[in-house]
Amino acid sequence: PVLFQMSVSQPQSGRGVPCLRCRGTCTGFEPHSWRKICKSCKCSQEDHSLSSDLEDDRKIGRLLSDSKYATLTARVKGGDGVRIYKRNRMIITNPIVSRKDPTFDTITYEWAPPGLTQKLAMQYMELIPKEMQPVAGTDGAYYRRRQLMRQLPLYDQDPSQCRGLTEGELKLMEDFVKKYKAEALGVGEVALPGQGGGGKEEGKPQDKSIAAGKPPETTNGALESTPTAGHYHCETCKQAVPGDCPVVYADRAGYSRQWHPACFVCCRCAEPLVDLIYFWKSGAAWCGRHYCESLRPRCAGCDEIIFSEDYQQAEGMAWHKKHFACLECETLLTGKPFTLDKASLLCTTCSKSKRL
């Protein structure tokens, strides 16, 4: 059966955890004062230790609360109104019949699309590359949790996680978050072709304007046409979609569009949209990170969105003025010579020493 469980594991700080990218050359995570990296090896915290299940569920709960997707969250008892993500887990139990005594093989998926039968949920999982299937204890589960940190940074939605916002910047960020929750944030729905939005008949139009004989308008003003039964195509790869295979719908795109599960990706980075959480803009789905960056600059130093109009720019990148500093010695570089190599900003002295 498909079971729902909520995580209760404890948060992890990442301190003392060797860097997975450095493979042992860094002995433990030393948090930087304001950069989202290890002070010792300069790799991100996610390369040392991922956030816990509980932290992830709280983060997504906060993101989806105060939006039309709040039904995917639950109120925490005694939590002063705090809501947590009702993450759907799927537990599959298969009997092992090769032995005399009956035993069972249990597989736990750390996330699965909600509201599906076990058969349809398993069909969905089989259409995802194996290395990305979020089976507990596998690389796929690790990949999902990394994507949660990468695509949905907590500091893109929670001003309290940002450093040094002025009162004016705080108000700008609050309005920014409120606006994207109302106009762009979405959660994909999995169903068979023609059954998105609650339809039960293949090819049945879901939009009221279609039923009235009018073509619906998308958010970017383009007109849509509803495919007839048996003529569904994936929005990304443009290939035909079999009528008996699950697809992903994005309600902000309209229910005449659908995606193969593996094709529901960010239009900027082409990475699968974690837990089907997307942001709709200009007729395409974006991950949270790249959607926010499409509207405002992101600081290459602290990785936070910049809400000040006074910031430093160089070679297509942006920095808070106070973060335009050498990655090694932290010397402020405004008005000084510097080198920039693969987002590593260095003063000339540190650049020369690294080349030696």
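Residues numbered from 1 in each chain as written. Predicted model: local features only at pLDDT ≥ 70, side-chain atom pairs only at ≥ 80, totals over all residues. Heavy atoms only, no water.

As annotated in an unreviewed UniProt entry, the protein chain is LMCD1 protein from Ciccaba nigrolineata.

The subject of this paragraph is the nonpolar core. Within the largest apolar cluster, 57 residues are counted, with the highest numbers of intra-cluster contacts made by Y180, F264 and F279. The biggest single contributor to this core is helix α2 (residues 118–126), with five residues. Here Y180 is in contact with L63, D156, Q157, L185, F279, Y291 and C292, once residues within four sequence places are set aside. With 17 residues, the next largest nonpolar core counts W319, F324, L333 and L340 among its residues. (Core = buried A, V, L, I, M, F, W, Y, C linked by side-chain atoms within 4.5 Å. Buried < 20%, exposed > 50% of the residue type's maximum accessible area, 1.4 Å probe, protein only. Helix = DSSP H or I, 4+ residues; strand = E, 2+ residues; numbered from the N terminus. Contact = heavy atoms within 4.5 Å.)

This part is about the environment of Y109. Note that Y109 resides in strand β4 (residues 103–109). Here the alpha-carbon distance between Y109 and R89, two residues 20 residues apart in the chain, equals 5.7 Å. Discounting residues that sit within four places of it in the chain, Y109 has contacts with R89, M90, I92, M122, M125, Q133, P134 and V135.

The next thing to look at is the packing of helix α1 (residues 53–64) against helix α3 (residues 139–151). Between α1 and α3, the least distance of the axes is 11 Å, while the angle of their chain directions is 45°. Here α1 is positioned oblique relative to α3, judged by the angle of their axes. Of the two elements, α1 crosses α3, and the hand of that crossing is left-handed. Between α1, through D53, D56, K59 and I60, and α3, the contact on the second element is made entirely by R145, L148 and M149. Along the lines of polarity and charge, the residues of the contact of α1 with α3 split into three nonpolar, no polar and four charged. (Axes fitted to C-alpha atoms, helices over the stretch in contact; angles between N-to-C directions. Parallel < 35°, antiparallel > 145°, perpendicular 65-115°, else oblique. Left-handed = near helix turned anticlockwise from the far one by under 90°. Nonpolar A, V, L, I, M, F, W, Y, C, P; charged D, E, K, R; others polar.)

All right, on to the sheet that holds strand β8 (residues 277–281) then. With respect to topology, three strands assemble into an open sheet ordered β5-β8-β9, the strand pairing being antiparallel. Edge positions in the open sheet fall to β5 (185–187) and β9 (284–286), since each of these has one partner strand only. This sheet shows a mean twist of 45° between the axes of neighbouring strands, independent of strand direction. As paired strands, β8 and β9 are joined by three bridges and run antiparallel to one another. Paired with K281 across the two strands is A284, which belongs to β9. Lying on the sheet, helix α6 (residues 288–295) is in contact with β8 and β9; it crosses β8 at an angle near 30°. (Pairing = 2+ DSSP bridges.)

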